[in-house]
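Residue-level structure breakdown
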Amino acid sequence: MTKVTLLLQEAIYEQAALEIAEQGYSIIDGFLSAAEVDSILQAIHAEEANGSFSPAGIGQGAGFQRNRNIRRDYIRWVNHAEPPVSCIPYFERLQALIRYLNRTCYLGIRDLEMHFAVYQPGGFYKRHLDVFQHAQSRKLSAICYLNPNWVTADGGALKLYLPREDGTENTITVLPEAGRLILFESHAIEHEVEVAHRERCSITGWLKDEVQFF
Ligand code: OGA
Ligand code: MN
């Protein structure tokens, strides 16, 4: 990487760190190039064709259940220690961003978990928080979208509910446009996925402050 590219990257990371500290979320457009998105989408479609996706659930451990009234996406966990080749650029960039956030915001991120997610037309995920009652290690939710030319009429927006100091809330909606990364505080920000009207793909993950042993 050239020095200029590195400096530009640091500037983008700095902006993200500031936004997370100030507003609890940050959106980075163009985190992946069109070619990188395309290659990940091909991997997702190949995995789908060989049946490796499953309906996503809610809760964890003994509390795990599948509930089609709450969420209708299909997921495939990705091992970040041995990512599929198509995901390597994403993982490397995300790790560089994590190193920056740890250095500047003392977030103490020590582990990641990731899955591919696919919403078929009609898919949604009702309002929720990304932390479990007995497992609070998720600090930041990190979702990178893989859908070229997404328009408002395609539905599937991510809606964030941002608490205001006076107890009311503000909402913002984010289209799942290809290459866009959103980071938000897993503990603080409730969110939902509105009904998608076309296939909606992402790599969804969490940056955690504890290493999980299986
Ligand atoms: C999730 C989630 C949001 C999105 O998987 O927990 O909230 O935009 N995803 O895909
Ligand atoms: Mn979520």
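Residues numbered from 1 in each chain as written. Chains lettered and ligands numbered in written order. Predicted model: local features only at pLDDT ≥ 70, side-chain atom pairs only at ≥ 80, totals over all residues. Heavy atoms only, no water.

1. Some details on the site of ligand 1
Residues in close proximity to ligand 1 include Arg71, Tyr125, His128, Asp130, Ile143, Tyr145, Leu158, His191, Val193, Arg200, Thr204 and Trp206, which together make up its full environment. A distance of 3.1 Å separates an oxygen atom of ligand 1 from a polar side-chain atom of His128. Residue His191 places a side-chain N or O atom 2.9 Å away from an oxygen atom belonging to ligand 1. For ligand 1, whose unbound accessible area comes to 290 Å², protein coverage reaches 98%. A molecule is said to occupy a pocket when more than half its atoms come within 2 Å of that pocket's grid points, and by this definition ligand 1 occupies the largest pocket. For the shell around ligand 1, the elements supplying multiple residues, two or more each, are strand E5 (125-128), strand E6 (138-145), strand E10 (190-193) and strand E11 (200-208). Per-element accounting of the shell around ligand 1 gives the leading share, 3 residues, to E11. Across the shell around ligand 1, the residue classes break down as 6 nonpolar, 3 polar and 3 charged. (Near = heavy atom within 4 Å. Polar contact = N/O pair within 3.5 Å; in protein donor to acceptor, adjacent residues only side chain to side chain. Areas by Shrake-Rupley, 256 points an atom, 1.4 Å probe, with all protein chains shown as cover. 1 Å grid on protein atoms, 1.4 Å probe; cavity = no way out; pocket = protein on both sides within 12 Å on 5 of 7 lines; lining within 4 Å. Sits in = over half its atoms within 2 Å of the grid points. Helix = DSSP H or I, 4+ residues; strand = E, 2+ residues; numbered from the N terminus. Nonpolar A, V, L, I, M, F, W, Y, C, P; charged D, E, K, R; others polar.)

2. Some words on the sheet that holds E11
Strand order in the open sheet made by the 7 strands is E1-E9-E6-E11-E4-E3-E2, with antiparallel pairing throughout. Single-partner strands in this sheet number two, and they are strand E1 (25-28) and strand E2 (54-55). Here strand E3 (residues 74-78) runs beside strand E4 (residues 111-119); their pairing, made up of 5 bridges, is antiparallel. Bridging across to E4, Tyr74 finds its partner in Val118. The strands touched by helix H1 (residues 3-23) are E1, E6 and strand E9 (181-185); relative to E1, the strand with the most contacts, the crossing angle is about 150°. (Pairing = 2+ DSSP bridges. Contact = heavy atoms within 4.5 Å. Axes fitted to C-alpha atoms, helices over the stretch in contact; angles between N-to-C directions.)

3. Here we look at the layout of surface pockets
Each pocket or cavity is described by its volume, and for the largest pocket that value is around 840 Å³. Around the largest pocket, the lining comprises 41 residues; the ones closest to its centre are Trp77, His115, Phe132, Arg138 and Trp206. Where the lining of the largest pocket is concerned, the elements lending two or more residues are E3, E4, E5, E6, E10 and E11. The element contributing the most residues to the lining of the largest pocket is E4, with 7 residues. Estimates place the volume of the second largest pocket at around 160 Å³. Every residue along the wall of the second largest pocket is listed here: Thr5, Leu8, Gln9, Ile12, Tyr13, Ile28, Asp29, Gly30, Phe31 and Arg93. Looking at the lining of the second largest pocket, the element that brings in the most residues is H1, giving 5 residues. Here the residues of the lining of the second largest pocket are counted per class, giving 5 nonpolar, 3 polar and 2 charged. (Points joined across faces, edges and corners; volume = space filled by probe spheres on them.)

4. Focus: the coordination of the manganese ion (ligand 2)
Protein-derived coordination of the manganese ion (ligand 2) comes from His128 (NE2), Asp130 (OD) and His191 (NE2), at a distance range of 2.0 to 2.1 Å. Between consecutive donors of the manganese ion (ligand 2), the numbers of intervening residues give the motif H-x1-D-x60-H. Remark: His191 occurs in strand E10 and Asp130 occurs in the loop between E5 and E6; sequence separation between them is 61 residues. (Donors = N, O, S within 2.8 Å, 3.2 Å for Na, K, Ca; no water.)

Such coordinate-based values are descriptive only and should not be taken to indicate function.
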